[in-house]
Amino acid sequence: MATILDVARRAGASTAAVPHGMNQKRRVAALLVREDAEGIVDCGFGAAEEQLLETPRAGRTRYRPPWWPCLVLFLAVVLAGALSASEPPWFTRVLVGMEVGPTGAQFAGGKHAADYASHFSGREIVRRCVASHAEYLVLWVRDGEFTFHNSALVPKPGGQRDRDVLREAVDEGRRLRLPIIAYCQLQYPAFELRQHPEWKARQANGEPIDHLVCFNSPYTNVVKALLAEILDYGVAGLHLDMVDQGFGPPHGCWCEHCQELFQAGYGRPMPKGMDWEDEDWGRFLEFRYATSDRFEKMLTEHVRALDPRATVDFNYHGAPPFSWEVGQTPVLHAGNGDFVTGEAGLWAFGALTASFNAAWYRAATPGKRFQVAVQRGVRMYHDQTTRPLNDMRWELFTLLAHGAFVTMIDKTAYDGWLDPVAYDRIGLLLGEARAQRAQFGHAPVAELGLYFSARTRDGMGRDKPAAYFQSVQGAHKACVYEHLGFGFLFDENLTLGALKAFPVVCLSNTGIVTEREVELFRRYVEEGGMLLITGTSGQFDARGRPLASSLLEPLIGGTVKARLEGTEAWMRFGSPTEGEKGDRGAASEPRMAAPRPSFEALTNGLRPDWPFLVRGPATVYEPTTALSLGALLDSHRASLANPQGYNPDWPLSARRVVGPAVLIHAVGRGTVLTFAGSPDAATAGEHALVEARKLFANAVRLLHPNPRLRVDAPANVEAVVTDDPAARTLRVHLIAYNATPQTTPAKDRPYVLPGLIEDAPMFRARIEFRDDVKGVKALNRSTQLTKRGRRVELTVADVHEVIQCRY
C-alpha cells in the first residue's frame, strides 16, 4: 500500500522534508488527488480500516478515507514551500563545499569490474562532507556511461544493484541541511552514442568524430528528459559539465543538422574546412559559438520551467589555455547559468592559474558569484593521492581572497571507499576557511586592467593561441610577482565605464582591434586614463593579416616602420641625459626628451647600458609626437645565412639598435606608454628575465605613481587587496607559494612539475599607505607587526595572512 510519503517521493520529495520547489508542490497535489481517487493513499488509518480496504470490492461498501489529514499535510507542504521560496539561493550564502564522484568514471569504456562504485554511498558521502565542514555537495550523478540514480534513460553500474545514490544523498542532505547539487556530464556521452551513432559530430570530410556528440542533434531531447528525472529528486541545483565541442582535432561539426542551420542562418553553405583567411571560416566560428550558447540557454530555460528554485551552472572553458575549438568565448558562455564554474589546478594549468582564473571569472560575470573547483589529488583528479594540508591551503586561500567560492573535489576509491586522511585534511581546510569567512568577499582594489581580445585569440592565435595567451599571462605573472592589483577587461563587453574602473589598462599584444575599441581607448585616455601597449598591438585585420599601419598609431604617437622577425628582441637603457653613441656600429638611440624623474621611474633597478633579452613580438617604431626612451635591438640571428638552421630555442645575442624601446605620448589628460617589445610575453616565456618583469612593473608605476597602498614582499607571495567601505577597512591578503625543489623527471625532461608545499614559510613584507590609517592588525597571532606612520612592517610565518587596515 502506497503512503503519502511514497507519493511525495515520486514527486521529488523525501521523508525528511517537504518537496523542493513549486513544481514539486504541484506534482504532489496532483498525485495525491489521483491516488486518493484510487483508494491507495494511507492517511494514518488503523488496522480495522486497513482490513476493510483489503476486503474485495464486490463484498464491501467502498470506504472513503477522511479528507482532513490529507488537507492538513497538503497545507503544510504549501506553507513550508512558501517559506523555502523566501530563502536566498544556496550559492549566495556559501564559501566552501565539496564535489564527490567515483574514480575512473570516464576511462573504462563501460567495461568496469563488478565492484566498481559498489560502496559509493550517497548517505555516507553526505555525512562525511558535513563532518568536513562542507556547505554544499556536488554529487556525481551522470557521466558518459552511467548514472547514479534510478533512470529510465541511462544504466547504473552493476555494482550499484538496486541502490539509488542520489535518493540517499538528497534524503540525508535534507536531514542535515546540506544542499545537494547533481553533477551531470553532457559531452562525450558514450552510452547514447552507441545507441545513436547518427548523433555523432562530423568532420568536414563527413567522417564521424566517435567521442563527440553534436549539440544540434536530437541528443538535446535526451538531456532534457534526463535533467527532468534528476530534478524530480528535489536537488538544489544542477552542475552541467563538459559543454565543449572538443579540446582538439578532429574538429566539428559538419553534420546534416549543422549544415541545415548554417545554410538557414547565413544563406550559404559551410566552408569546406579550416581556412583562417576565408570569411566563411569566421562565420563558422560564430556558428559554433552560437551553438554552444543556444544549447546552454535552452537547458537553463528548461530547468527553470520545471523548477524555478533549482540552480544551473555550467563548467566553463572560455579562459586560457582553451580557445575557439571548445566553442566558447570569454563572456558569452560565462553568463548562461546562475553563476559560472571553472577549475584551477597546478596539475593542468600551473600555480598562477588560481589567481588568474578567479579574476577572469569575476570579470566575465560582473556582479555575480563564481565557483572554482580544485582537487585533493597530488597531480590530478583521479590519482588516489592526497596533497599536504599547506599545499591545499595555499590554493584555497588564493581563490577565496580573489572572491571565489571553492569546491574541493574528491575522487573516491574505485569501489567508492572514502579516504579518511583526505577527509581529515579537507575538514581542517574547510573549517579554517569558514572560521575566516568575514575576511572574504570584499571588493578588489586593482591598479591594472588586463585586456583580453577574443578577436585576437581567434584571428591571430588561430590553432596555436598560446603565443597570444603568453602575453596576457605574462602581464598577470608580473602583477603577482610585483604585487600589483589587477583585473580583466574583455573586447566582448567593453565599455568606457569598465575601462575607467582601472587607473591603468594594458593591451598585451592585442593584435586585432576594431575602430570602436580604438575610440573607447581614446576617450579613456583623453579623460585621464593611462594606457600601456606592448608588442604588435593594433597591427592586424580581423583575419589576422598584417595591416600597413597600426590602428593605434594616433594614440601611440608613432608609426610602424617594421616588425622584427621572430621573437629575439633586446632592450637597453642608457643615460637619461645622453643618447647612445652606437657602440655596436648601429644607428644612435634617440635622445630622451621626457623629464628625468620619468626616466628614473621606468629604469629603476635596471643596469644602464646593458642589453637584456625581452623575448616576444617587437615593433620598430618611428616617433612622431611621442617621446622616446631606450633602445630596441635585434638579434645576430638576422645576420645568419640560414637563420632557421640555428636552434630556435636558443636566443642569439643583441646585434644593433633598430629603434626606440619605449614611446611616451600625452593624449588629453592621460598618457599612453608603448613598449616596442613585449616584456609581458617575456615574463611568461622560458627565457624570462627578472629585468623584463621589473620593466613592466616600472611602467605601471610610472603611469600610476601614487596608488592607495604599495606592498613590498617576496616574489613568491601574492598580495590581494580588498576594500570593505561599510566597515572602512582595507584587507591585504598575503598568500605564500612555498613549493619544494624537485629532481630530474622520469620523462619529458626538462619539464619538471613543481614540488608540493609542506611547510609554512616565514617571510617579511612591508605595506606603505598613501593616506593615514587609524589602525592595523594581523589575523594570525604569530605575525609580528610594527606600524610607523603610514608604513607597516611585517614578519609572517604562515601560508596565509590577512592584514586588516582601518581608515
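Everything numeric in this text was worked out from a predicted model, so none of it was measured.

## Observations concerning the overall build of the chain
(1) Moving on: Scanning the chain for helices and strands turns up 22 helices and 30 strands.
(2) Moving on: Per-residue burial over the chain gives 57% buried out of 807 residues.
(3) Moving on: Across the chain, the fraction of contacts at a sequence separation of at least 24, relative to all contacts at a separation of at least 6, is 76%.
(4) Moving on: Within the structure as shown, the chain displays about 32900 Å² of accessible surface, and the carbon and sulfur contribution to it stands at 53%.

## Considering the pattern of salt bridges
(1) Moving on: Under the defined criterion, the tally for this structure stands at 44 salt bridges.
(2) Moving on: For the salt bridge of Arg-127 with Glu-172, the shortest nitrogen-to-oxygen distance reads 2.9 Å. Placement of the pair is Arg-127 in helix H5 (residues 122-131) and Glu-172 in helix H6 (residues 165-175), with a sequence separation of 45 residues.
(3) Moving on: The partner of Asp-391 in a salt bridge is Arg-387, with the nearest N and O atoms 2.8 Å apart. Each member of the pair, Asp-391 as well as Arg-387, carries the same accessibility label: buried.

## Quick word on the sheet that holds strand E18 (residues 612-613)
(1) Moving on: Here we have nine strands laid out as an open sheet, ordered E13-E12-E14-E15-E22-E21-E20-E17-E18, and mixed in their pairing. Looking at which strands have only one partner, the edges of the open sheet turn out to be strand E13 (486-490) and E18.
(2) Moving on: The sheet contact formed by strand E17 (residues 570-572) and E18 spans two bridges and is antiparallel. When the sheet's bridge partners are listed, Met-571 is paired in E18 with Phe-612.
(3) Moving on: Against the sheet, helix H18 (residues 515-526) makes contact with strand E12 (448-452), strand E14 (504-508), strand E15 (530-534), strand E21 (654-667) and strand E22 (670-675), and its axis sits at roughly 125 degrees relative to E22, the strand it touches most.
(4) Moving on: Its contacts with the sheet put helix H22 (residues 690-703) on E12, E14, E15, E17, E18 and E22, and the angle it makes with E22 is roughly 170 degrees.

## Focus on empty space enclosed by the protein
(1) Moving on: In total, this model carries six cavities of 30 Å³ or more according to the counting rule given.
(2) Moving on: One number sums up the size of the largest cavity: a volume of about 110 Å³.
(3) Moving on: Lining the largest cavity are 14 residues, with Cys-214, Phe-215, Gln-245, Gly-252 and Cys-253 sitting closest to its centre.
(4) Moving on: Broken down by secondary-structure element, the contributors of at least two residues to the lining of the largest cavity are strand E5 (208-213) and helix H10 (279-306).
(5) Moving on: At three residues, the largest contribution of residues to the lining of the largest cavity is made by H10.
(6) Moving on: Grouping the constituent residues of the lining of the largest cavity by class yields eight nonpolar, five polar and one charged.

## As for H5
(1) Moving on: Those residues of H5 lying buried are Gly-122, Ile-125, Val-126 and Cys-129. Looking straight down H5, one finds its buried side chains confined to an arc of 100 degrees; they lie on one side.
(2) Moving on: On its buried face, H5 is in contact with strand E1 (96-101), strand E2 (137-142), H6 and strand E3 (180-185).
(3) Moving on: His-133 sits one or two positions beyond H5 and adopts a positive phi of about 70 degrees.

## Overview of the packing of H5 against H6
(1) Moving on: Two numbers describe how H5 lies on H6: the axes approach to 7 Å, and their chain directions differ by 35 degrees. Seen along the crossing, H5 lies across H6 with a hand that is right-handed. Touching Gly-122, Arg-123, Val-126 and Arg-127 of H5 are Val-165, Glu-168, Ala-169, Glu-172, Gly-173 and Arg-175, all from H6.
(2) Moving on: Of the residues that constitute the contact of H5 with H6, the class distribution is three nonpolar, two polar and five charged.

## As for the layout of surface pockets
(1) Moving on: Computed from the structure, the largest pocket encloses a volume of approximately 1400 Å³.
(2) Moving on: Phe-349, Gly-350, Ala-351, Leu-352 and Ala-684 are, among the 38 residues lining the largest pocket, the residues nearest its centre.
(3) Moving on: Taken together, the elements giving at least two residues each to the lining of the largest pocket come down to helix H11 (346-349), helix H12 (353-364), helix H13 (389-401), helix H16 (466-482) and strand E24 (717-724).
(4) Moving on: The element that contributes the greatest number of residues to the lining of the largest pocket is H16, accounting for eight residues.
(5) Moving on: Partitioning the lining of the largest pocket into residue classes produces 25 nonpolar, 10 polar and three charged.

## Structural notes on the environment of Phe-356
(1) Moving on: Relative to the elements of secondary structure, Phe-356 occurs in helix H12.
(2) Moving on: Note on Phe-356: relative accessible area 4%, which makes it buried.

## Focus on the sheet that holds strand E30 (residues 800-806)
(1) Moving on: Spatially, the five strands line up as an open sheet ordered E11-E24-E25-E30-E27, and their pairing is antiparallel. The open sheet has two free edges, formed respectively by strand E11 (443-444) and strand E27 (775-778), since each of these has just one partner strand.
(2) Moving on: Here four bridges tie E27 to E30, and the two strands are oriented antiparallel to one another. Of the residues in E30, the one forming a bridge with Lys-777 is Gln-804.

## Brief notes about H13
(1) Moving on: If you check H13, its first and last C-alpha atoms are 18 Å apart, about what 13 residues at 1.5 Å a residue would give, namely 18 Å.
(2) Moving on: Judged by how many residues are buried, H13 sits mostly within the fold: 12 of 13 residues are covered.
(3) Moving on: Taken residue by residue, H13 has Asn-390, Asp-391, Met-392, Arg-393, Trp-394, Glu-395, Leu-396, Phe-397, Thr-398, Leu-399, Leu-400 and Ala-401 as its buried positions.

## A closer look at a positive patch on the surface
(1) Moving on: A surface patch of like charges, here positive, comprises Arg-728, Lys-774, Lys-777 and Arg-806.
(2) Moving on: Here Lys-777 lies in strand E27.
(3) Moving on: Note on Lys-777: relative accessible area 52%, which makes it exposed.

## Describing the confidence of the model for the chain
(1) Moving on: For the chain, mean pLDDT is 89; residues scoring 70 or higher make up 86% of the total.
(2) Moving on: Overall, residues 1-63 carries pLDDT values under 50, and its contacts beyond four positions in sequence, including any with other chains, amount to 106 contacts.
(3) Moving on: The model gives residues 576-597 a pLDDT under 50, and that stretch makes 41 contacts with residues more than four places away or in other chains.

## Concerning the pairing of strand E26 (residues 763-769)
(1) Moving on: Only one face of E26 is covered, namely the one carrying Phe-763, Ala-765, Ile-767 and Phe-769; the face carrying Arg-764, Arg-766 and Glu-768 has none of its residues buried.
(2) Moving on: As paired strands, strand E23 (residues 709-712) and E26 are joined by four bridges and run antiparallel to one another. The residue bridging Arg-710 from the neighbouring strand is Glu-768, located in E26.
(3) Moving on: Alignment of E26 against strand E29 (residues 791-796), held across six bridges, turns out to be antiparallel. If you follow Ala-765 over to E29, its bridge partner there is Leu-794.

## What about a nonpolar patch on the surface?
(1) Moving on: Taken together, Leu-640, Tyr-646 and Trp-650 make up a surface patch of nonpolar side chains, about 300 Å² in accessible area.
(2) Moving on: On the accessibility criterion, Trp-650 (53% relative accessible area) is exposed.

## Quick look at the packing of aromatic side chains
(1) Moving on: Applying the stated criterion to the full structure yields 38 aromatic pairs.
(2) Moving on: Relative to Phe-91, the ring of Trp-90 lies with its centre 6.1 Å away and its plane at 80 degrees, an arrangement referred to as edge-to-face.
(3) Moving on: Residues Phe-322 and Phe-349 carry aromatic rings whose centres are separated by 6.1 Å and whose planes lie at 75 degrees to one another, so their mutual orientation is edge-to-face. Residue Phe-322 is found in the loop between strand E7 (311-315) and strand E8 (339-343), and its partner Phe-349 is found in helix H11; the two are separated by 27 residues along the sequence.
(4) Moving on: The buried category is assigned to Phe-322, whose relative accessible area is 16%.
(5) Moving on: Owing to a relative accessible area of 23%, Phe-349 belongs among the partly exposed residues under this scheme.
(6) Moving on: Taken together, the aromatic side chains of Phe-356, Trp-360, Phe-452, Tyr-468, Phe-469, Phe-486, Phe-488 and Phe-490 make up a single cluster linked through ring pairs.
(7) Moving on: The ring of Tyr-423 carries Arg-128 above its face, with NZ or CZ at 5.0 Å from the centroid.

## Regarding the pairing of E15
(1) Moving on: With five of five residues buried, E15 is to be regarded as a mostly interior element.
(2) Moving on: Residues Met-530, Leu-532 and Thr-534 line one face of E15 and the alternating positions Leu-531 and Ile-533 line the opposite face, and both faces are buried.
(3) Moving on: For E14 and E15, the ladder comprises five bridges, and the chain directions are parallel. By the bridge assignment for E15, Val-505 is matched with Leu-531.
(4) Moving on: One crossover worth recording links E14 to the parallel E15 by way of H18, and it is right-handed.
(5) Moving on: Where E15 lies against E22, four bridges are found, and the strand directions are parallel. Within E22, the residue paired with Met-530 across the bridge is Thr-671.

Conventions we followed
- Residues numbered from 1 in each chain as written.
- Predicted model: local features only at pLDDT ≥ 70, side-chain atom pairs only at ≥ 80, totals over all residues.
- Heavy atoms only, no water.
- Helix = DSSP H or I, 4+ residues; strand = E, 2+ residues; numbered from the N terminus.
- Buried < 20%, exposed > 50% of the residue type's maximum accessible area, 1.4 Å probe, protein only.
- Contact = heavy atoms within 4.5 Å.
- Areas by Shrake-Rupley, 256 points an atom, 1.4 Å probe, with all protein chains shown as cover.
- Salt bridge = Lys/Arg side-chain N within 4 Å of Asp/Glu carboxyl O.
- Pairing = 2+ DSSP bridges.
- Axes fitted to C-alpha atoms, helices over the stretch in contact; angles between N-to-C directions.
- 1 Å grid on protein atoms, 1.4 Å probe; cavity = no way out; pocket = protein on both sides within 12 Å on 5 of 7 lines; lining within 4 Å.
- Points joined across faces, edges and corners; volume = space filled by probe spheres on them.
- Nonpolar A, V, L, I, M, F, W, Y, C, P; charged D, E, K, R; others polar.
- Arc of directions from axis to C-beta.
- Left-handed = near helix turned anticlockwise from the far one by under 90°.
- Expected span 1.5 Å × (residues − 1).
- Patch = residues over 30% accessible without salt bridge, like charges linked within 9 Å, V, L, I, M, F, W, Y side chains within 5 Å.
- Lys, Arg positive; Asp, Glu negative; His and termini not counted.
- Charge placed at Lys NZ, Arg CZ, Asp CG, Glu CD.
- pLDDT = per-residue confidence, 0-100.
- Phe/Tyr/Trp six-rings, centres within 6.5 Å; stacked < 30°, edge-to-face > 60°.
- Lys NZ or Arg CZ within 6 Å of the ring centre and 35° of its normal.
- Right-handed = clockwise from strand over helix to strand, strands pointing away.

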